[in-house]
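Listed below are the residues making up each chain.
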Amino acid sequence: MAERKPADISEAEIAVHWQEEGYFHPPASFIAQANLTDETVYDRFALDKFPECFKEYADLLDWYKYWEKTLDTSNPPFWKWFVGGTINACYNCVDRHLPKNRNKTAIHFVPEPEHEPVHHLTYQDLFVRVNELAALLRDFCGLNAGDRVTLHMPMVAELPITMLACARLGIIHSQVFSGFSGKATADRIVDSESHVLITMDAYHRAGKLLDHKEKADVAAAEAKKEGHAVDKVLVWQRHPGAYSSPTPLVAGRDFILNDMLKDYRGKRVDPVPMPAEAPLFLMYTSGTTGKPKGCQHSTGGYLAYVAGTSKYIQDIHPEDVYWCMADIGWITGHSYIVYGPLALCASSVVYEGVPNHPDAGRPWRIAEELGVNIFHTSPTAIRALRRDGLEEPKKYNHHFKHMTTVGEPIEPEVWKWYYGVVGKRQAVIVDTWWQTENGGFLCSTVPALRPMKPGSAGPGVPGIHPVIFDEEGNEIKTGSGKAGNICIRNPWPGAFQTIWRDPERYVAQYYARYCRDRTSKDWRDWPYMAGDGAMQAEDGYYRILGRIDDVINVAGHRLGTKEIESAALVVAEVAEAAVVPVADEIKGRVPDLYVSLRPGINPSKEISARILEAIITQIGPIARPRKVWIVPDMPKTRSGKIMRRVLAAISNNKDPGDISTLANPEVVDKIRDMVGQ
Ligand code: WTA
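In what follows, the accompanying structure is described. (Residues numbered from 1 in each chain as written. Predicted model: local features only at pLDDT ≥ 70, side-chain atom pairs only at ≥ 80, totals over all residues. Heavy atoms only, no water.)

Here's the deal with the overall build of the protein
Check the secondary structure of the protein and you find 21 helices and 30 strands. At 24 Å, the protein has a C-alpha radius of gyration in line with the 26 Å of a compact globule built from 677 residues. Dimensions along the principal axes, computed over C-alpha positions, put the protein at roughly 75 × 60 × 60 Å. Across the 677 residues that make up the protein, the buried fraction comes to 66%. Excluding contacts between residues fewer than 6 apart, the proportion of contacts in the protein whose partners are at least 24 apart in sequence is 72%. Counting every atom, the protein has about 24700 Å² of accessible surface; 51% of that belongs to carbon and sulfur. (Helix = DSSP H or I, 4+ residues; strand = E, 2+ residues; numbered from the N terminus. Rg over C-alpha atoms; globule rule 2.2 N^0.38 Å. Buried < 20%, exposed > 50% of the residue type's maximum accessible area, 1.4 Å probe, protein only. Contact = heavy atoms within 4.5 Å. Areas by Shrake-Rupley, 256 points an atom, 1.4 Å probe, with all protein chains shown as cover.)

Written out as structure tokens, the structure reads:
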């Protein structure tokens, strides 16, 4: 197996080094009502209680058959949780709440256009709609447990409905972020071998009604080029009863779900009891080799972990109105908009649009109107709302008891605005560090038990035991002031099971580096490597610095630098491409793209525009570089390797260091002049 090579320059290396901050203590009013106030939790979840401690989380769920073995480690690092148990995720998120909470709102759908009323779906409504769709998926599409279905849906109530209908039947859903292009969707369709694509005709974003169905046509065509057939495209209508896309339907392939579902009225489908370790969904994320990888999440372990962390870290009670402003197309939305909150019978808000549409007061108006008391978002959104409306939250009468930040490091100044102005000093904040691969939170304070510290995620959550290793695999001591690679010593139920169709890469990328003995069946020999740089303060709190591999975290979303580079290389004139992370005030990091052209071709605005276009078509607007720098030549080592370290230094206005060993040091000044202007 290939050794993992760290990128030439990583996010962690360009990370700002903030001062250690002081503590902020949770208000007494929060502690008085919190789900977790018992200090013994850290003992109950200590390493010597592992793995049995996680029974506490699994017992939050209803099982058809109780498990026989909490953790099976016979084939490391392919851990199996709650072995022998059977369970259904949809049953746990919907059916079991009906006897007591049929009339309670499960989902508040907030359309982006402010004049459109909020839709409140009760648990009964959710039950009816999920059943009817499940009947259609089974009877019309012929789908069965274990089949994969790709979803490419925007932020609408139909998205959780569709996910839960799949889960009801044991169908593995793979939701692709709606902002991704048709081509990116096709890659995920082909990899997951799904023959049904579920999409929506259109959706509202930033004041426009976007055509979304056109991307389904691109996806099907691109998949076909790879020899893969999309047999059916099921299309939800954003405005039921009307087709809102200018793109025509393809006869025999495309079906309007809203019409078809009329034939399934009143149909009920029994939830299928699934083995605890049956896959619930795939979530594609960027990795180090360019190709997005399908993180495979389990049913029982995953659901137990998101229910437990939603209850104890998010402090969700059934009576709460909970709003996570992430997109369900990312892991945060799966775990902390859909599965965690609904498993706990909360009311979960699904907001269609961008936070600052039509102005930076929108989130606070929504919170005020719905009585949201738990709010969850990313530093990028907080920075943008702060920039556009420093005093805006003060105009509204919203009251949060709890706020979350996730996805990237949050600057202490931004944290303090979130705390003081958005939270009115009444809310606790949890800074939650975790990844697509992890299913749920890894580091965070338990909000009623530990004080907050701006800029720090906090210690491992109960049952998670992090450790920082240096390059040689030595443990870096707490409080030493040194950074290293953060790893987790033990498995946990929310962890992904493997990379879909690529178990070798799963082992190589996450476990090989610090594995002590490849033949060992003892989980203690198999720490999980996250790929982030981190340091731990004296008090045990972790500060996450950013990615150490060739992944860039843009606005809290992971993008592989190789993905962007290969998209640029689609343009025939481009000879070489290199992407580096650059610090950005709002998005945290953005990619800067350097390209050199084939001999004899002159740089032009037109070529730059085509490169940008290629990136948007191949991946989506989220991958748009800050700038395309067409350079005369790439700085290279004598062996011909592009020195991304030098480019990253130039992009970030830093000293590129010793360049005397380059094959072409003279090019550095030329590039610096160009970028400096
Ligand atoms: C980064 C998102 C600092 C980190 C849930 C990680 C964070 C990557 C934090 C995963 C945080 C996430 N503080 N950095 N609180 N949370 N990250 O897979 O680099 O989209 O590896 O999962 O985001 O991004 P992903």
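Overview of helix α16 (residues 412–422)
With respect to burial, α16 is a largely interior element, eight of its 11 residues being buried. Those residues of α16 that fall on the buried side of the exposure criterion are Pro412, Val414, Trp415, Trp417, Tyr418, Tyr419, Val421 and Val422. Residues of α16 that are buried in the fold lie against α14 (362–370), β18 (374–377), α15 (379–388), β19 (402–406) and β20 (428–432). Lys424, located one to two residues past α16, shows a positive phi value of around 55°.

Focus on the pairing of strand β25 (residues 542–547)
Burial runs high along β25: six of the six residues are buried. Both strand β24 (residues 528–536) and β25 contribute to a ladder of five bridges, which runs antiparallel. Considered in β25, the bridge of Gly533 is made with Gly546. Following β24, the chain reverses through five residues before pairing antiparallel with β25; Gly540 in that reversal takes a positive phi of roughly 90°. (Pairing = 2+ DSSP bridges.)

Brief notes about empty space enclosed by the protein
In this structure the tally under the stated criterion is eight cavities of 30 Å³ or more. Taken as a whole, the largest cavity spans an internal volume of roughly 100 Å³. The residue inventory of the lining of the largest cavity, partitioned by class, reads 10 nonpolar, three polar and two charged. (1 Å grid on protein atoms, 1.4 Å probe; cavity = no way out; pocket = protein on both sides within 12 Å on 5 of 7 lines; lining within 4 Å. Points joined across faces, edges and corners; volume = space filled by probe spheres on them. Nonpolar A, V, L, I, M, F, W, Y, C, P; charged D, E, K, R; others polar.)

Some remarks on the nonpolar core
Core analysis: the largest hydrophobic core is formed by 124 residues, its most contacted members being Phe54, Leu126, Leu137, Ile198 and Tyr339. Dropping the residues within four chain positions of it, Leu137 is found in contact with Gly142, Leu143, Ala165, Cys166, Leu169, Ile171, Ile198 and Leu234. (Core = buried A, V, L, I, M, F, W, Y, C linked by side-chain atoms within 4.5 Å.)

Describing the sheet that holds strand β28 (residues 574–584)
Within the open sheet, the three strands sit side by side as β28-β29-β30. Their pairing is mixed. Edge strands, defined here as strands with exactly one partner in the open sheet, are β28 and β30 (628–630). Sheet twist, expressed as the mean angle between neighbouring strand axes with direction ignored, is 25°. Across 10 bridges, β28 lies against strand β29 (residues 588–597) in antiparallel orientation. By the bridge assignment, Glu576 is partnered in β29 with Ser596. The sheet contacts of helix α20 (residues 644–651) involve β28 and β29, and relative to β28 the element is tilted by about 50°. (Axes fitted to C-alpha atoms, helices over the stretch in contact; angles between N-to-C directions.)

Considerations on the site of the ligand
Residues in close proximity to the ligand total 18 residues, the closest being Asp431, Thr432, Thr436, Asp532 and Arg558. Separating a nitrogen atom of the ligand from a backbone N or O atom of Gly407 is a distance of 3.0 Å. Expressed as a share of its isolated accessible area of 520 Å², the protein-covered part of the ligand is 97%. Of all elements in the fold, only α13 (331–343), β20 and β25 reach the threshold of two or more residues within the shell around the ligand. Considered class by class, the residues forming the shell around the ligand number six nonpolar, seven polar and five charged. (Near = heavy atom within 4 Å. Polar contact = N/O pair within 3.5 Å; in protein donor to acceptor, adjacent residues only side chain to side chain.)

Focus on the side chain of Asp550
Secondary-structure assignment places Asp550 in the loop between β25 and β26 (551–554). By relative accessible area, Asp550 is classed as buried at 13%. Here Lys562 takes part through its side chain, which lies 2.8 Å from a polar atom of the side chain of Asp550.

Section: the packing of α15 against α16
In contact at an axis separation of 10 Å, α15 and α16 are set at 70° when each is read in the N-to-C sense. Comparing the axis directions of α15 and α16 gives the class roughly perpendicular. Together, Ile382, Arg383, Leu385 and Arg386 of α15 and Glu413, Val414, Trp417 and Tyr418 of α16 make up the contact between the two elements. Of the residues assigned to the contact of α15 with α16, the class counts are five nonpolar, no polar and three charged. (Parallel < 35°, antiparallel > 145°, perpendicular 65-115°, else oblique.)

Some thoughts on the sheet that holds strand β14 (residues 279–285)
Sheet strands associate in pairs through backbone hydrogen bonding, adopting either a parallel or an antiparallel arrangement. As summarised here, the arrangement of the eight strands in space is β12-β11-β8-β6-β7-β14-β15-β23, forming an open sheet in which the pairing is mixed. Only two strands of the sheet have a single neighbouring strand rather than two, namely β12 (254–256) and β23 (498–499). With five bridges joining them, strand β8 (residues 196–200) and strand β11 (residues 232–236) adopt parallel strand pairing. Each bridged residue has a counterpart across the sheet, and for Met200 the counterpart in β11 is Trp236. Strands β6 (148–152), β8 and β14 of the sheet are contacted by helix α9 (residues 182–192), whose axis makes an angle of about 170° with β6.

Structural notes on the packing of α20 against helix α21 (residues 666–676)
In the contact formed by α20 and α21, the axes pass within 10 Å of each other and the chain directions differ by 30°. Compared by their axis directions, α20 and α21 come out roughly parallel. The chirality of how α20 crosses α21 is right-handed. Counting all contacts with α20, which are made through Val646, Leu647, Ile650 and Ser651, the residues of α21 involved are Val668, Ile671, Arg672 and Val675. When its residues are assigned to classes, the contact of α20 with α21 shows six nonpolar, one polar and one charged. (Left-handed = near helix turned anticlockwise from the far one by under 90°.)

Observations concerning helix α8 (residues 158–169)
Helical geometry: 3.6 residues make up each α-helical turn, so side chains three or four residues apart lie on a common side. With 12 residues, α8 should cover 16 Å at 1.5 Å per step; its first-to-last C-alpha distance of 17 Å lies within 8% of that length. The buried fraction of α8 is high, at 12 of 12 residues. Positive phi shows up at Gly170, right after α8, with a value of about 75°. (Expected span 1.5 Å × (residues − 1).)

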